[in-house]
Every structure is written in structure tokens, then in C-alpha cells.
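# Residue-level structural notes
The lines below spell out each chain.
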Amino acid sequence: DDLHELEARVSVCRACPRLVEWREDVAVGKRKSFADQPYWGRPIPGWGDPAPRILIAGLAPAANGGNRTGRVFTGDRSGDWLFASLYRVGLANQPTSEHAGDGLRLTGARMIAAVRCAPPANKPTPEERDNCAPWFRRELELSLATTRAIVCLGKFGYDALLNGLASLGATVPRPRPKFGHAVEHQIPTPQGEITVLGCFHPSQQNTFTGKLTEPMLDAVLIRAKWLAGL
Ligand code: DU
Ligand code: SF4
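Residues numbered from 1 in each chain as written. Chains lettered and ligands numbered in written order. Predicted model: local features only at pLDDT ≥ 70, side-chain atom pairs only at ≥ 80, totals over all residues. Heavy atoms only, no water.

## Remarks on helix α4 (residues 77-88)
For α4, with 12 residues, the first-to-last C-alpha span of 17 Å sits near the 16 Å given by 1.5 Å per residue. Along α4, the residues classified as buried are S78, G79, L82, F83, A84, S85 and L86. Two residues or fewer past α4, G90 is found with a positive phi of approximately 90°. (Helix = DSSP H or I, 4+ residues; strand = E, 2+ residues; numbered from the N terminus. Expected span 1.5 Å × (residues − 1). Buried < 20%, exposed > 50% of the residue type's maximum accessible area, 1.4 Å probe, protein only.)

Dropping the structure here:
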């Protein structure tokens, strides 16, 4: 079907020389604690429910997280926070995520990232973001018919998401509505109205400092569930 075809096409993309080199170097070099594990080392497509009512949009896979496990958000500290929260609010069948064969399933939710290859220092360049935008746009397009709420983790994912929605004919206000934790914006799209929600990224920078707490993350996901009729 369309999603599987898209996954296959994405998985061999080499459009960003810097990211291709980084994803493969990390996969060969490996972090010591993962030395005995195979690394995926390729682009990572969206993952979860193929007909989602909620999308969770992030920035890019982590070098030793998704770039290792082959599944977006899996295998790093941000993912630990996210899957635990998804489980608490009833969108995931288990609170932890180890590798791509761990039995994890999402019901009603799907995760997508603006950029599909792990960037150095978790920071893609504007050019890399633009290279990956067509992939992002197509993933978004394939979910829009069922999606009613989109949770954006961090400002970069939020900006990319608004750009992606605009490119699909959604009416995104100008100036762009501001990013913040728990902000909500109704966006009319050709396939119906969608609510875009901001959420601080569950990176250690935010979770260690208390800028993002578990109740704050749970609250945004619970709100998204309600908006999506789940
Ligand atoms: O083989 P499949 O049913 O297309 O599922 C592929 C992949 O997506 C598998 O790792 C489970 C996950 N998934 C999910 O999380 N939620 C769903 O509703 C369907 C599939
Ligand atoms: Fe291709 Fe996106 Fe990876 Fe760039 S980041 S190589 S566009 S999949």
C-alpha cells in the first residue's frame, strides 16, 4: 500500500551528504554501550497506527536512538519519556521501547519526524530540513484523512509541521501562531479542521531541568486524545 511504498522509497534516500556520512559513521563507530548491537544507519520513516487520529511530530532521529533501532523516537532518553507517557494515557500497549521487534504498538497515534536521518548535535541545517520536506509532506498527507490532532514536540517540529500543512493546502495563519507548551491552534485543511498542539520536547535538557514534567506531557496527550475523539 501507499505507506509501505513510501517507507521503501525513504529508506534508500541519500539526498543529504552530511547526514548520510553521519548516520553511517555512527552506525560503524557505535556507542560503547551498544557495541554488541546492529545499527540501522539509514533514514527512518514514520511509525505507529497507519490510520492515526493523533500525530506526534518531532525533529529528527537520534544518532544512537532511532539511528540504531530503526524506529523513530526509540532507544534514547526522549523516547523513554514519550513511550511511558503514551502508555499512561492509553495510546501505547507498553511503557518501554527497546528495539524494532519489542512488541510495541500504538493505537490511534503515529509518530513522524521532520527530518529522517540523524543529524550531528541533533541539529539539521535549513537545507537538510528542506531536502526532507517532501518526504515529511507525503507522510503527513497519508495521515490527514483520519488525523484530528497533531502534537508537536519542540519548536523545530512545530515549524516544520506548519510548513507541511501549508504545503498541503491548509490555512495556516500569518504571522505564524507562536509555539509554546500546551498552546493550541485550529488549522482548517482541505480534509477538515485539525488542532495543532505545542509540547516541550522531552529531551534531557527539558526533563532534567523540570521545564517539562511527566504530568505536563501527559496533559497534552490527554488533551489531544479528547480533541481526536479517542
Ligand atoms: O505489520 P503491520 O501491522 O503493518 O505493522 C507495522 C508496525 O507498525 C509494527 O511494528 C506495529 C506497528 N503498528 C502500530 O504500532 N499500530 C498499529 O495500529 C498498527 C501497526
Ligand atoms: Fe533523505 Fe531526509 Fe535523510 Fe536527507 S534527511 S538523506 S532528505 S531521508
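## As for the site of ligand 2
As a matter of local geometry, ligand 2 sits amid C13, A15, C16, L19, P43, V115, R116, C117, N131, C132 and W135. For the shell around ligand 2, a count of residues per class yields nine nonpolar, one polar and one charged. (Near = heavy atom within 4 Å. Nonpolar A, V, L, I, M, F, W, Y, C, P; charged D, E, K, R; others polar.)

## Quick word on the packing of aromatic side chains
Considering all chains together, one arrives at two aromatic pairs under this definition. Between the NZ or CZ atom of R68 and the centre of the ring of F34, over which it lies, the distance is 3.5 Å. (Phe/Tyr/Trp six-rings, centres within 6.5 Å; stacked < 30°, edge-to-face > 60°. Lys NZ or Arg CZ within 6 Å of the ring centre and 35° of its normal.)

## So, the nonpolar core
In terms of nonpolar packing, the biggest core is built from 28 residues, with I54, I56, L86, M111 and V151 touching the most fellow members. Sorting the residues of this core by element identifies β2 (54-58), α4, β3 (109-113), β4 (149-153), β6 (192-199) and α8 (214-227) as the ones contributing at least two each. The greatest single-element share of this core, amounting to four residues, is contributed by α8. Residue contacts for M111: discarding those within four places in its chain leaves G46, W47, I56, V72, F73, L82, F83, L86 and L106. Residues L55, F136, L168 and A170 belong to the second largest nonpolar core, which totals 20 residues. (Core = buried A, V, L, I, M, F, W, Y, C linked by side-chain atoms within 4.5 Å. Contact = heavy atoms within 4.5 Å.)

## Some words on unusual backbone geometry
The residue after R174, namely P175, is reached through a cis peptide bond having omega -5°. Note that P175 resides in the loop between α6 (155-167) and β5 (184-189). A positive phi angle, near 55°, is found at A121, a position not held by glycine. Take A121: it is sitting in the loop between β3 and α5 (126-144). Within the chain, N122 stands out as a residue other than glycine whose phi angle is a positive 55°. Residue placement: N122 occurs in the loop between β3 and α5.

## Regarding the site of ligand 1
Around ligand 1, a shell composed of H4, W47, G48, D49, P50, R105 and L106 is seen. Within the side chain of W47, one N or O atom sits 3.2 Å away from an oxygen atom of ligand 1. Considering only residue class, the shell around ligand 1 consists of three nonpolar, two polar and two charged. (Polar contact = N/O pair within 3.5 Å; in protein donor to acceptor, adjacent residues only side chain to side chain.)

## Brief notes about the pattern of salt bridges
Between side chains of opposite charge, a pair can form when the charged atoms approach closely. Evaluated as defined, the whole model comprises 11 salt bridges. A salt bridge links R14 to E24; the nearest nitrogen and oxygen atoms lie 3.0 Å apart. Placement of the pair is R14 in the loop between α1 (2-10) and α2 (17-29) and E24 in helix α2, with a sequence separation of 10 residues. The partner of E141 in a salt bridge is R138, and the shortest N-O contact between them spans 3.1 Å. Here the residue E141 and the residue R138 both occupy positions in helix α5, the gap between them amounting to three residues, near one helical turn. A relative accessible area of 32% means that E141 is categorised as partly exposed. When salt bridges that share partners are traced, they join D2, R138 and E141 into one network. (Salt bridge = Lys/Arg side-chain N within 4 Å of Asp/Glu carboxyl O.)

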